[in-house]
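Chain by chain, the residues run as shown.
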Amino acid sequence: MTERHVIAVLVDNEPGVLARVIGLFSGRGYNIESLTVSEVDAEAGLSRINVVTIGTPMIIEQIKNQLDRLVPVHSVHDLTEEGPHVETELALLKVAGQGDKRVEALRIADIFGAKVDDTTLESFIFRLDGQSEKIGRFIELMKPLGLVEVARTGAVAISRGKEGV
Amino acid sequence: MSQEMTGSEIVLRALVDQGVDTIFGYPGGAVLPIYDALHKQNSIRHILVRQEGGAVHAAEGYARSTGKVGVVLVTSGPGATNAVTGLTDALMDSVPVICLTGQVPTHLIGNDAFQEADTTGITRPCTKHNYLVKDIAGLAQTVHEAFYVARSGRPGPVVIDLPKDILQGPGTYTPPSVNGHRSYRPRKKGDIDQIEKAAAAMAQAERPLFYCGGGVVNAGPKASHLLTELVKLTGFPCTLTLMGLGALPASSKQFLGMVGMHGTYESNLAMHHCDLMINVGARFDDRVTGKLDEFAPHSTKIHVDIDPSSINKNVRADIPVIGDAAHVLEDLTKVWKARQYRADRKKLDAWWAQIDEWRARDCLKYKASDTLIKPQYALERLRELTRGRDDLFVTTEVGQHQMWAAQFLPFEKPNHWMTSGGLGTMGYGLPAAMGVQVAHPDALVIDVAGEASVLMNIQEMSTVAQYRLPVKIFILNNEYMGMVRQWQELLHGGRYSESYMASLPDFVKLAESFGAVGLRAEKPAEVDGVIEEMIAVDKPVIADILVDKAENCFPMIPSGAAHHKMLLGPDDQAAEPISEEGMVLV
């Protein structure tokens, strides 16, 4: 009965805040599927942590309440629960190969709308954004075509409509 | 208004402005500047402990007996790591404590310098919040904020890590500001619609039960008073957790005794059979709930807690109310009165008749002896010989003696009972008693101890001696880690692996070596005399009460079992053997 939730956490951009959040997840045995963090408002000194987690409804509620009681946390938003939202992730893939495989890799990248960020005679670096699940499928397809390395950002998300968090 | 001073002076000034007059500490290299500043002032009294762990427990005892914030000052590295147990204890039991830790100078942080430890890293999971001060400009405000965080909402320990260069550097003091915190704003008032729902559920209940905990005590004496009034007004029965003892006077006829693993039969069966549970400031701890999926199966649950993360953590609440116990109890009482609610007398009487039947089992009875001092007997005598004293404070260590003390000693008021509930820290009682005695110099402060626990912080006898703190250490000495031995007897085939306390000290001589008074009782007939002398002597006392080594603490809910499967005594066999599932629980 586990669910996947995307949670956005607005925090003071201060030393240790990420460690607090990560320590909370590891200390209490919660799952982290992905986690990204970056300053989003330099003037107000606010960072946004986007965390994708999996758990039962009771655990998800705990995660939100536990996050919310951390002193430097301003607000916690469960985007999955709050309504429609746009979610995306960025990935860089290095694919090496020659001949047919190289052509096929390029063709599939084109179908997925991946950009070629760099190329040598024996390799590509593809850049793909979109739903995590779509990136997963692209990675699967690249595996037999010479996939060497993947770097993924983890999902970020924002709610639809004119209201902000 | 601001003036230039050193970092150390800023820290002390901030403490004074926060109402601090006492701190518990131990010096070392990194905090020498603060100790130097302490030497030059008279506003703050410093109590020199003998190990930093003792300082934190002393501050906890001080805080819990006064409702104020307890303050600790320790040095970097080992000073800070020794404080970790106490900090975790304070976190688990929601005790407001500020712990100032020294740190190596900022330019040396991360260099593995002498007595360097990553204090904020180590204490992050065992504090409510912590700070590393890297800029003297924010020092005063950090101290003020730390106090706000420690005492507001669900209280807890806060560490302020202070590099030595910050303590020596020049800076400007700023007084506390009235502005709230920019992100931390705990909720005090409960949602009135939820409170209306709670009151309506109470009016309809047939088998209601108040189940209250440390949250009521933490909300101040007013909350306990309001609870007592509401319990009276409704006519409902009330049980208290270990941490909640004193929130309702033990003499109240509506008090069923403590709930949980070693709680009374009537409390636990009332929990199991109630149709409405009104939980105020308790957190459905595993020591209380027993087997979760058989916990209070027929009940609607109202849960009042200031910490939203306590709601729906272990047990789903049907009517959650987030707020301070005093505020919510006040509103609940108002609604109950305004709506002219009253309990269905007939149904409530039937419920009380059932409870009285359970009470008649007399679950705390034990086999008396003329030759052996039963620990229960010793506590009964302590109870009788201190009856009526409203200046009695009791602390405990952790184990059988702690549970017996909770069962046999009556508490009429909150803040008079200090015990390590959540973390279960052996060695808590002696330093905590010290802290209580410092706060209440003329009170009778008794540490009900076991001989094993008390040895864990026995060095604090030296502190007790130095400050002439007349604490009474009442050791129920069974020469075993009693609770460990009990579990080994009940769960591990009587294989007493490493639970016998060999080579114990002579506690009478030990007391005397610290300038305290040592007393001993070996037979039941000697107990009264020892207790009377212990109370009469205006000095610290160790009373070594040699009790029955084989006595076990009952009633007991075997681990992994539900409330209605409790064991009442040694002759009461568990209905079914402890399950695999139960065996892995602690």
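Residues numbered from 1 in each chain as written. Chains lettered and ligands numbered in written order. Predicted model: local features only at pLDDT ≥ 70, side-chain atom pairs only at ≥ 80, totals over all residues. Heavy atoms only, no water.

For the rest of this paragraph, the subject is the sheet that holds strand β18 (residues 472-477) of chain B. All names here are of chain B. Across the sheet, six strands lie side by side as β16-β15-β17-β18-β20-β19; this open sheet has parallel pairing. Either end of the sheet is taken by a strand with one partner, and the two such strands are β16 (417-418) and β19 (517-521). Where helix α17 (residues 400-408) meets the sheet, it contacts β15 (392-396), β16, β17 (444-450) and β18, and its direction lies at approximately 135° from that of β17. (Pairing = 2+ DSSP bridges. Helix = DSSP H or I, 4+ residues; strand = E, 2+ residues; numbered from the N terminus. Contact = heavy atoms within 4.5 Å. Axes fitted to C-alpha atoms, helices over the stretch in contact; angles between N-to-C directions.)

Next up on the list: the packing of aromatic side chains. Considering all chains together, one arrives at 16 aromatic pairs over all chains under this definition. Residues phenylalanine 284 of chain B and phenylalanine 295 of chain B carry aromatic rings whose centres are separated by 5.8 Å and whose planes lie at 80° to one another, so their mutual orientation is edge-to-face. With phenylalanine 284 of chain B in the loop between β12 (276-280) and α13 (286-289) and phenylalanine 295 of chain B in the loop between α13 and β13 (300-305), this residue pair connects regions lying 11 residues apart in the sequence. Take phenylalanine 284 of chain B: its relative accessible area is 2%, and that puts it in the buried class. Looking at phenylalanine 295 of chain B, the relative accessible area reads 5%, which means it is buried. Seen in terms of ring centroids, tryptophan 336 of chain B and tyrosine 341 of chain B are 5.7 Å apart; in terms of plane orientation they differ by 55°. Their pairing is tilted. Aromatic rings pair up to connect Phe112, Phe124, Phe126 and Phe138 of chain A into one cluster. Over the ring of phenylalanine 124 of chain A we find arginine 102 of chain A, and its NZ or CZ is 4.2 Å from the ring centre. Here arginine 485 of chain B stacks its cationic end above the ring of tyrosine 496 of chain B, 5.9 Å away from the centre of that ring. (Phe/Tyr/Trp six-rings, centres within 6.5 Å; stacked < 30°, edge-to-face > 60°. Buried < 20%, exposed > 50% of the residue type's maximum accessible area, 1.4 Å probe, protein only. Lys NZ or Arg CZ within 6 Å of the ring centre and 35° of its normal.)

This brings us to the interface of chain B and chain A. Of the residues lining the interface, 19 residues belong to chain B; the matching set on chain A comes to 18 residues. Buried area between chain B and chain A, both sides added, is near 1,600 Å², and the carbon and sulfur share of it is 47%. Counting across the chain B and chain A interface gives three salt bridges. A salt bridge links arginine 316 of chain B to glutamate 61 of chain A; its shortest N-O distance comes to 3.9 Å. In this structure, the connection of chain B to chain A is made through eight residue pairs in polar contact (both at pLDDT 80 or more). Split into classes, the residues belonging to the side of chain B that touches chain A amount to five nonpolar, seven polar and seven charged. (Buried area = accessible area lost by both parts, 1.4 Å probe. Salt bridge = Lys/Arg side-chain N within 4 Å of Asp/Glu carboxyl O. Polar contact = N/O pair within 3.5 Å; in protein donor to acceptor, adjacent residues only side chain to side chain. Nonpolar A, V, L, I, M, F, W, Y, C, P; charged D, E, K, R; others polar.)

Our next topic: unusual backbone geometry. Residues and elements named next belong to chain B. A cis amide bond links phenylalanine 554 with the next residue in sequence, proline 555, at an omega value of -5°. When you line up the elements, proline 555 lands in the loop between β20 (541-546) and α24 (580-584). With phi around 70°, asparagine 415 is a residue other than glycine that occupies positive phi space. Mapped onto the elements, asparagine 415 comes out in the loop between α17 and β16. A relative accessible area of 14% places asparagine 415 in the buried class.

Turning our eyes to something else, we now look at the nonpolar core. Residues and elements named next belong to chain B. One finds Met202, Phe210, Phe474 and Ile545 to be the most contacted residues of the largest nonpolar core, which totals 108 residues. Ranked by residue count, the leading element in this core is helix α14 (residues 325-338), at seven residues. When neighbours within four sequence positions are excluded, phenylalanine 474 is seen to be in contact with Ala378, Leu379, Leu382, Ile446, Asp447, Val448, Ala449, Ile531, Met534, Ala543 and Ile545. Membership of the second largest hydrophobic core comes to 46 residues, among which are Val95, Tyr428, Ile458 and Leu469. (Core = buried A, V, L, I, M, F, W, Y, C linked by side-chain atoms within 4.5 Å.)

Time to look at the environment of glycine 153 of chain B. Residues and elements named next belong to chain B. With respect to the secondary-structure elements, glycine 153 resides in the loop between α7 (139-151) and β7 (157-163). A C-alpha to C-alpha distance of 35 Å links glycine 153 and histidine 564, two positions 411 residues apart in sequence. Apart from the residues within four sequence positions on either side, glycine 153 is in contact with Tyr184, Pro186 and Ile306.

Let's shift gears to the pattern of salt bridges. Opposite charge on two side chains permits them to pair, given that their charged atoms come into close proximity. Scanning all chains against the criterion turns up 39 salt bridges over all chains. A salt bridge links lysine 222 of chain B to glutamate 330 of chain B; the nearest nitrogen and oxygen atoms lie 3.2 Å apart. Taken together, the positions of lysine 222 of chain B in helix α11 (residues 221-234) and glutamate 330 of chain B in helix α14 put the pair 108 residues apart, joining distant regions of the chain. The salt bridge partner of aspartate 548 of chain B is lysine 374 of chain B, with a shortest N-O separation of 2.8 Å. Of the two residues, aspartate 548 of chain B sits in the loop between β20 and α24 while lysine 374 of chain B sits in the loop between α15 (345-359) and α16 (375-385), which places them 174 residues apart along the sequence. Three or more residues joined by partner-sharing salt bridges are found here, namely Arg4, Glu33 and Glu87 of chain A.

Of note, lysine 143 of chain A is situated in the loop between α5 (132-142) and β8 (147-152). Taking the relative accessible area as the measure of exposure, lysine 143 of chain A reaches 47% and is therefore partly exposed.

As a further point, take the environment of methionine 456 of chain B. All names here are of chain B. By the secondary structure assignment, methionine 456 is in the loop between α19 (451-455) and α20 (461-466). In this structure the C-alpha to C-alpha distance between methionine 456 and leucine 430, which are 26 residues apart in sequence, comes to 9.3 Å. Ignoring any residue separated from it by four or fewer positions in sequence, one finds methionine 456 in contact with Met426 and Gly427.

Once that is clear, we can look at the sheet that holds strand β2 (residues 34-41) of chain A. Residue and element names in this part refer to chain A. Spatially, β2-β3-β1-β4 is the arrangement adopted by the four strands of the open sheet, whose pairing is antiparallel. Edge positions in the open sheet fall to β2 and β4 (73-78), since each of these has one partner strand only. Mean inter-strand twist for the sheet, computed between neighbouring axes without regard to direction, equals 20°. Here five bridges tie strand β1 (residues 3-12) to β4, and the two strands are oriented antiparallel to one another. Residue pairing for β4: valine 9 is matched across the bridge by valine 76.

On to the confidence of the model for chain B. In the predicted model, chain B carries a mean pLDDT of 96, and 99% of its residues have values of at least 70. For this predicted complex, the interface confidence score (ipTM) comes to 0.92, while the overall pTM stands at 0.96. (pLDDT = per-residue confidence, 0-100.)

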